[in-house]
Amino acid sequence: MGYSRPFDLTDSRPLAHAPAPSTTSNKLLGLELLRFASALAVLIYHYSHFTAIAAAPAIAADDFPLNGLLRPFYDYGLYGVQLFWGISGYIFFWKYGSAIRSAVVSARQFFWLRFSRLYPLHFATLIGVVGLQAVHRQLTGANFLYPATDPALFARQLILATDWGPQPPFSFNGPIWSISGEVAVYAAFFILLRQFAPSWKLCVTVIAAGLVAQLAGLDWVSIACATYFFAGGLAALAPSGSERKAAIALTCLLFLCLATGSLGDRDKLPMILLAAVPCLLILMTRDWRLIARLQRPVQFAGNLTYSSYLLHFPLQLLLAIAVAATGILPPLNSPALLAAYLGVTLGAAALSYRYFELPAQQWLRQRTLKRADA
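Here's the deal with helix H8 (residues 221-237)
Working step 1: The end-to-end C-alpha separation of H8 is 24 Å, in line with the 24 Å expected for 17 residues at 1.5 Å each.
Working step 2: Of all the 17 residues making up H8, 15 are buried; the element is thus mostly covered by neighbouring parts of the structure.

Thoughts on the environment of serine 178
Working step 1: Along the chain, serine 178 turns up in helix H6 (residues 177-195).
Working step 2: Sequence separation between serine 178 and aspartate 163 is 15 residues, and the spatial gap between their C-alpha atoms is 7.7 Å.
Working step 3: In terms of polar contacts, serine 178 uses its side chain to reach the side chain of tyrosine 309, at 3.1 Å.

A few points about the layout of surface pockets
Working step 1: Reported here for the largest pocket is a volume of approximately 650 Å³.
Working step 2: Residue assignment for the lining of the largest pocket shows that the elements contributing at least two residues are helix H1 (25-45), helix H2 (67-76), helix H3 (80-101), helix H9 (243-260) and helix H10 (269-284).
Working step 3: The dominant element in the lining of the largest pocket, judged by the number of residues it contributes, is H10, at six residues.
Working step 4: Class assignment for the residues of the lining of the largest pocket results in 18 nonpolar, three polar and no charged.
Working step 5: The computed volume of the second largest pocket comes to approximately 410 Å³.
Working step 6: Phe111, Arg114, Phe115, Val183 and Tyr186 are, among the 17 residues lining the second largest pocket, the residues nearest its centre.
Working step 7: Within the residue set of the lining of the second largest pocket, elements represented by two or more residues are helix H4 (107-140) and H6.
Working step 8: Counting residues per element, the lining of the second largest pocket draws most heavily on H4, which supplies seven residues.

Considerations on the confidence of the model for the protein chain
Working step 1: Confidence in the prediction for the protein chain averages 86 pLDDT; 89% of positions are at 70 or higher.
Working step 2: In the model of the protein chain, H9 stands out as the element of lowest mean pLDDT, 74, in contrast to helix H13 (residues 305-326), which has the highest, 96.
Working step 3: Throughout residues 1-10 the model reports pLDDT below 50, and contacts reaching past four residues in sequence, or to other chains, amount to 57 contacts.
Working step 4: Note on residues 12-24: pLDDT is under 50 here. Beyond four places in sequence and across chains, it has 28 contacts.

What about unusual backbone geometry?
Working step 1: Within the chain, alanine 103 stands out as a residue other than glycine whose phi angle is a positive 65°.
Working step 2: Tracing the backbone through its elements, the reader meets alanine 103 in the loop between H3 and H4.

Details of the packing of H4 against H13
Between two packed helices, the angle of one axis relative to the other and the distance separating the axes together describe the packing.
Working step 1: The N-to-C vectors of H4 and H13 enclose an angle of 15°; their axes lie 10 Å apart at closest approach. The pairing of H4 with H13 is recorded here as roughly parallel in orientation. With respect to the hand of their crossing, H4 and H13 are arranged in left-handed fashion. In this structure, H4 uses Arg117, Leu118, Leu121, His122, Thr125, Val129, Leu132, Gln133, Val135, His136, Leu139 and Thr140 to contact H13, whose residues at the interface are Tyr306, Ser307, Leu310, Leu311, Phe313, Pro314, Leu317, Leu318, Ala320, Ile321, Ala324 and Ala325.
Working step 2: Considered class by class, the residues forming the contact of H4 with H13 number 17 nonpolar, six polar and one charged.

Focus on the pattern of salt bridges
Working step 1: Considering all chains together, one arrives at four salt bridges under this definition.
Working step 2: Here glutamate 32 ties to arginine 35 by a salt bridge, and the two come within 2.8 Å at their closest N and O atoms. Separated by three residues within a single helix, glutamate 32 and arginine 35 lie in helix H1, roughly one turn from each other. Accessibility classification places glutamate 32 together with arginine 35 in one group, the buried group.
Working step 3: Look at the salt bridges and you will find they share partners, linking Asp62, Arg71 and Asp75 into a network.

Concerning helix H5 (residues 151-158)
Working step 1: One side-chain oxygen at the N-terminal end of H5 lies 2.9 Å from the backbone nitrogen of alanine 152; it belongs to aspartate 150.
Working step 2: Remark: leucine 160 follows H5 within two positions and exhibits a positive phi of approximately 60°.

What to know about empty space enclosed by the protein
Working step 1: Estimates place the volume of the largest cavity at around 50 Å³.
Working step 2: Lining the largest cavity are 12 residues, with Gln157, Thr162, Asp163, Pro169 and Ser171 sitting closest to its centre.
Working step 3: Taken together, the residues of the lining of the largest cavity break down into six nonpolar, four polar and two charged.

Looking at the packing of helix H7 (residues 200-215) against H8
Working step 1: The contact between H7 and H8 brings their axes to 8 Å, and the two run at 155°. Taken as axis vectors, H7 and H8 run roughly antiparallel relative to one another. H7 and H8 meet at a crossing whose hand is left-handed. Each of Trp200, Leu202, Cys203, Val204, Val206, Ile207, Gly210, Leu211, Ala213 and Gln214 in H7 lies in contact with H8, whose residues at this interface are Ile223, Ala224, Ala226, Thr227, Phe230, Ala231, Gly233, Leu234 and Leu237.

Points about the packing of aromatic side chains
For any pair of aromatic rings, the description consists of the separation of the ring centres together with the inter-plane angle of the planes.
Working step 1: Applying the stated rule across the entire model yields 30 aromatic pairs.
Working step 2: Consider the rings of tyrosine 47 and phenylalanine 64, whose centres lie 5.7 Å apart with planes at 75°: the pair is edge-to-face. Here tyrosine 47, found in the loop between H1 and H2, pairs with phenylalanine 64, found in the loop between H1 and H2; they are 17 residues apart in sequence, far enough to count as distant. No difference in accessibility class separates tyrosine 47 from phenylalanine 64, as the two residues are buried.
Working step 3: Their ring planes at 10° and their centres at 4.6 Å tell us that phenylalanine 92 and tyrosine 186 sit as a pair that is stacked. Placement of the pair is phenylalanine 92 in helix H3 and tyrosine 186 in helix H6, with a sequence separation of 94 residues. The two residues phenylalanine 92 and tyrosine 186 agree in class, both being buried.
Working step 4: What links up through ring pairs into an aromatic cluster is the set Phe92, Phe93, Tyr96, Phe110, Tyr186, Phe189, Phe190, Phe229 and Phe230.
Working step 5: The ring of tyrosine 186 carries the charged tip of arginine 114 above its face, separated from the ring centre by 5.9 Å.
Working step 6: The ring centre of tyrosine 355 lies 5.1 Å from the NZ or CZ of arginine 354, which sits over that ring.

Procedures and definitions
Residues numbered from 1 in each chain as written. Predicted model: local features only at pLDDT ≥ 70, side-chain atom pairs only at ≥ 80, totals over all residues. Heavy atoms only, no water. Helix = DSSP H or I, 4+ residues; strand = E, 2+ residues; numbered from the N terminus. Expected span 1.5 Å × (residues − 1). Buried < 20%, exposed > 50% of the residue type's maximum accessible area, 1.4 Å probe, protein only. Polar contact = N/O pair within 3.5 Å; in protein donor to acceptor, adjacent residues only side chain to side chain. 1 Å grid on protein atoms, 1.4 Å probe; cavity = no way out; pocket = protein on both sides within 12 Å on 5 of 7 lines; lining within 4 Å. Points joined across faces, edges and corners; volume = space filled by probe spheres on them. Nonpolar A, V, L, I, M, F, W, Y, C, P; charged D, E, K, R; others polar. pLDDT = per-residue confidence, 0-100. Contact = heavy atoms within 4.5 Å. Axes fitted to C-alpha atoms, helices over the stretch in contact; angles between N-to-C directions. Parallel < 35°, antiparallel > 145°, perpendicular 65-115°, else oblique. Left-handed = near helix turned anticlockwise from the far one by under 90°. Salt bridge = Lys/Arg side-chain N within 4 Å of Asp/Glu carboxyl O. Phe/Tyr/Trp six-rings, centres within 6.5 Å; stacked < 30°, edge-to-face > 60°. Lys NZ or Arg CZ within 6 Å of the ring centre and 35° of its normal.

Right under this line is the structure:
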């Protein structure tokens, strides 16, 4: 249960042919906002990668930019991944649950919808990192941050299969680990939903099986992902009007964690999150009028999550190369560097989504599906 590697950030638009969802699109805006906040948390947590730049001076976490304000993100931002898994579970149960069970969505359609959403940017960033690491090795004699270059790991990462079993070393575009685990859960989700109706019993059974496996020492990413994914499914299946109960449960959980000091115990945090995620998702999928008024910027922010997650390490690698080539290292404790890192990453994510991911997704769907589901 102590697995702590530091997100599929899925398309939350409903299928054109799916049954009408019980939750309005406005309510899903809360999830867009939540997943953007989680992505930002992971980006801030990974600011520590800059300390691995060649010739970078040692810097304590207390000296990171705006530490007084951002310390929770520097310390616990990696747990944004578990929240992403829960968000994905909610969206998949809402979007695909009934459609898969009733065979409205075939295995072929489901595969190509996921492949077209995830693979183009994954492939581009993987090849980009391979080339950039070659440049970094020529300048410094070593890889930046992730030393593993095993061809077998490259082959597994190429097909998004690095984390389908025992934990391998980080390699190439390291953050892909969480998406690899989630891809395995997608397959299990489809198979289960073809056999069983989407229900709280199914979700509880998978969560319980996942917890037993982890407590028995089977600490695989795909198993950890499944527990949060189906916890998100529980939230999607919750009856309407359950927000008050969710708020009470979440409040009680937070007070209990504060009283016992569990928020500072990383071994207990995954269990706390597993209980908190469904409550938080139920609350965030209320019909928040303020969020609805900001629909376009909220949706825009939500669309940046997958891109920012896959692009932030290649961008860090670019800075490491620039430092190695010029010998000029920006001050790591400078808020300006943090702002530039976040701004450039989100800006690159926006360009990637608009000019690469969407066109590639549409091209693939038009050529592999009878009708595009974009």
